Amino acid sequence: MRKGRLRRGGLFFRMFSAFSVTILAIIVVFTGILAMSLQQARQSSYENEVLSQAREVASYMSYMNQLSYFSQDTSMRYFISEKITSIRDDYQADIWLVSYASGRVQCLDSNLNTSEVTLSGPVFELLQEIRSGKEMRAQGIFQELGSNIVTIGVPWKYAGKVVGAVLLHISVESLRVHYGQLLWQLAPTALLALVLGMVLCWWVTVSQTRPIRDINLAMRDFGQGKSERRIHLDCGGEVQELGESFNRMADELERQEETRRSFVANVSHELRSPLTSMRGYVEALLDGTISPEDSHRYLQVVMDETMRLTDLVRDLLDLSRIESGKFPLNKSAFDMCELMRRTLINYAQRIDRKNAHVEAEIPDVPCFVEADVNRISQVLSNIVDNAVKFLPETGGVLKLGVEKLDANVSIWVQDNGSGIAPEDMPHIFERFYKADKAHTAGMGTGLGLAICQRILEQHGSKIEARSKPGETVFSFSLPAADAPARIEPPREKSES
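These numbers were taken from a predicted model, which means no experiment stands behind them.

Colleague: Give a description of a nonpolar patch on the surface that names residues and reports values.
Modeller: A contiguous nonpolar patch, built from Ile 26, Val 29, Phe 30 and Ile 33 and spanning about 380 Å² of accessible area, is present on the exposed surface. Positionally, Phe 30 belongs in helix α1 (residues 11-61). Residue class for Phe 30 comes out exposed when judged on its relative accessible area of 55%.

Rendered as structure tokens:
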């Protein structure tokens, strides 16, 4: 067991304490309830047992109809006296035999002494109830016996007629089943249940806290930079889902860390290459290595590299603003067909330099959409820029189009370049990811498609891509809109 598992205030200590207190409370409550139930059951059973003794004496007496015959029948006298003595010894009770014969009430006590009973109010009522054939129970009815004596009366019948009564006198204490005795009898069982409950609590607590402890240790290692650790749980339920979520998070963070490292390397190269080139040309211009008549050409190279750095910084700032939520949309209705034409015009020179053929499927009628024209122009420019960039040097074909589909307007751009490798397809919209890793310089920063995706997500849409050798298509759609009252042409955006 690891040190600190039982430290006060720890999860194991709190759970084990809570379970233990709960088990203890349950055992105490159920032991008390069981003791009370047993007390009532035993009390009832004991009183029924005492009553059965009185009934047994009454059954013996059913062979005679008055007490005078009791003294004459030696055998009956013997059996009844033995039974009365047995009851007195076993139950600390006295038996009285009462006869109603000859209009007198005679009584034979446990010492076999006969006497006449004086009928007072309660005694008279008791004997009258018994004489009607009922069994009775009363306490303190015979004043000479005391108030704590319970009298149980059973009719004594002869030939189906009640001729007397059997009265069994027993103290309240003799009838009572003590609650404390039952608790003492149940104590070993309760103690065994408590021990088993504590063992169960220990096992449940360990099984519940071990996965959480493993997750905690894994997170601690992860925080210290040990990102290779993973959690392997087989406990089921939400805790296992938490462990699996941690593993997915760790995989994602590790992948993003690898992407970040790749991005830093790529951006460092992108920054270092133009800066090194610019520095070399500027130094050459300053020390006179480059002749004055060639200076303009080399200054143009420096300007191109400057623009490349500007584009990189702009993309980084755009992505930062989009992800921080500081890139609000200014939606309005504009003609998507016109925006596509203007974007195509912006890339006309680059397309001509590659001798590429353009196939534009743009309707003559306007296709209005509701969106931020500047942001959609940025998306379209990035897609067209990528398509032109990867066109083959000879035989290049650039296809693009706009199509009205019910409540949406679909936009697509296609090139016949080498295509995107299947292993790169799931990652092309990730930040800083570059599918063409072999040609880093001059091929962008890997931010363009990520920016496109974020912009379209802000519009409630998404960009889709499919690719195979010789064909790559990027497409997205925007909600169609009615023509605005005053049509403003979309602003042109410079190449990115």
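After that view, the rundown keeps rolling.
Colleague: Can you explain the state of the cysteines? Please cite residues and give values.
Modeller: With the rule as written, the count across this model stands at zero disulfides. Cys 337 carries a free sulfur, and the closest cysteine sulfur to it, the one in Cys 367, is 3.6 Å from it. Given a relative accessible area of 6%, Cys 367 falls into the buried group.

Colleague: Any details on unusual backbone geometry? Residues and values, ideally.
Modeller: Its identity as a non-glycine residue notwithstanding, Ala 159 has a phi of 55°, on the positive side. Tracing the chain through its elements places Ala 159 in the loop between β5 (149-158) and β6 (161-171). The phi dihedral of Asn 355 falls on the positive side, at around 50°, and the residue is not glycine. In this structure, Asn 355 sits in the loop between α10 (348-353) and β8 (357-361). For Asn 355, a relative accessible area of 64% gives the class exposed.

Colleague: Describe the pattern of salt bridges, naming the residues involved and giving the relevant values.
Modeller: A complete count under the given rule lists ten salt bridges for this structure. Taking the shortest distance from any N to any O, the salt bridge between Asp 385 and Lys 389 comes out at 3.5 Å. Linking Asp 385 with Lys 389, this pair stays in helix α11 (residues 373-389), spanning four residues, or about one helical turn. Through salt bridges with shared partners, one network takes in Glu 338, Arg 341 and Arg 342.

Colleague: Could you give me a rundown of the packing of aromatic side chains, with the residues and numbers involved?
Modeller: The full count for this structure, using the stated rule, is one aromatic pair. Here the aromatic rings of Phe 429 and Phe 474 are separated by 6.3 Å at their centres, their planes lie at 85°, and the arrangement is edge-to-face. Here Phe 429, found in the loop between β11 (408-415) and α12 (448-458), pairs with Phe 474, found in strand β13 (residues 471-479); they are 45 residues apart in sequence, far enough to count as distant.

Colleague: Describe in detail the confidence of the model for the protein chain, supporting the description with residues and values.
Modeller: Averaged over all residues, the pLDDT of the protein chain equals 78, while 79% of them reach at least 70. In the predicted structure, residues 1-6 sits below a pLDDT of 50 and forms eleven contacts with residues beyond four places in sequence or in another chain. Below a pLDDT of 50 lies the segment residues 438-442, which in the model reaches nine contacts outside its immediate sequence neighbourhood of four places, other chains included.

Colleague: Quick rundown of the pairing of β5? Include the residues and the values.
Modeller: Among the ten residues of β5, eight are classified as buried, and the element is accordingly described as predominantly covered. Across four bridges, the pairing between strand β4 (residues 136-139) and β5 is antiparallel. Its bridge partner being in β5, Ala 138 is matched across the sheet by Thr 151. Bridge analysis of β5 against β6 gives ten bridges, and the strand direction is antiparallel. Residue Pro 155 lies in a different strand from β6, and its bridge partner there is Ala 165.

Colleague: Help me get a handle on the packing of α11 against α12, residues and values and all.
Modeller: Helices that pack against each other are described as a pair by the angle of their axes relative to one another and the distance between those axes. Look at α11 against α12: their axes get within 9 Å of each other, and the N-to-C directions meet at 145°. Considering how the two elements wind past one another, α11 and α12 form a crossing that is left-handed. Contacts between α11 and α12 involve Arg 375, Ile 376, Gln 378, Val 379, Asn 382, Ile 383 and Asn 386 from the first element and Gly 448, Leu 449, Ile 451, Cys 452, Ile 455 and Leu 456 from the second. Partitioning the contact of α11 with α12 into residue classes produces eight nonpolar, four polar and one charged.

Colleague: Got a sec to walk through the packing of helix α9 (residues 336-346) against α11? Specific residues and values, please.
Modeller: Remark: α9 packs on α11, axes separated minimally by 10 Å, with the N-to-C direction vectors making an angle of 45°. As the angle between them shows, α9 and α11 are arranged oblique. Where α9 crosses over α11, the handedness of that crossing is right-handed. Note on element contacts: α11 touches α9 through Val 373, Ile 376, Ser 377, Leu 380, Ser 381 and Val 384, opposite Met 336, Leu 339, Met 340 and Thr 343. Tallied by class, the residues present in the contact of α9 with α11 amount to seven nonpolar, three polar and no charged.

Colleague: Please set out helix α3 (residues 74-91) residue by residue, giving values where relevant.
Modeller: For α3, built from 18 residues, the straight-helix expectation of 26 Å at 1.5 Å per residue is met to within 8% by its first-to-last C-alpha distance of 25 Å. Within the span of α3, buried status applies to Met 76, Ile 80, Ser 81, Lys 83, Ile 84, Ile 87 and Tyr 91. For α3, the angular spread of buried residues about the axis comes to 160°, placing them on one side. When the buried face of α3 is taken as reference, the exposed residues oriented beyond 90 degrees from it are Thr 74, Tyr 78 and Asp 90. Taken from the residues just after α3, Gln 92 is the one with a positive phi, measuring 50°.

Calculation rules
Residues numbered from 1 in each chain as written. Predicted model: local features only at pLDDT ≥ 70, side-chain atom pairs only at ≥ 80, totals over all residues. Heavy atoms only, no water. Patch = residues over 30% accessible without salt bridge, like charges linked within 9 Å, V, L, I, M, F, W, Y side chains within 5 Å. Areas by Shrake-Rupley, 256 points an atom, 1.4 Å probe, with all protein chains shown as cover. Salt bridge = Lys/Arg side-chain N within 4 Å of Asp/Glu carboxyl O. Helix = DSSP H or I, 4+ residues; strand = E, 2+ residues; numbered from the N terminus. Buried < 20%, exposed > 50% of the residue type's maximum accessible area, 1.4 Å probe, protein only. Disulfide = S-S within 2.5 Å. Phe/Tyr/Trp six-rings, centres within 6.5 Å; stacked < 30°, edge-to-face > 60°. pLDDT = per-residue confidence, 0-100. Contact = heavy atoms within 4.5 Å. Pairing = 2+ DSSP bridges. Axes fitted to C-alpha atoms, helices over the stretch in contact; angles between N-to-C directions. Left-handed = near helix turned anticlockwise from the far one by under 90°. Nonpolar A, V, L, I, M, F, W, Y, C, P; charged D, E, K, R; others polar. Parallel < 35°, antiparallel > 145°, perpendicular 65-115°, else oblique. Expected span 1.5 Å × (residues − 1). Arc of directions from axis to C-beta.

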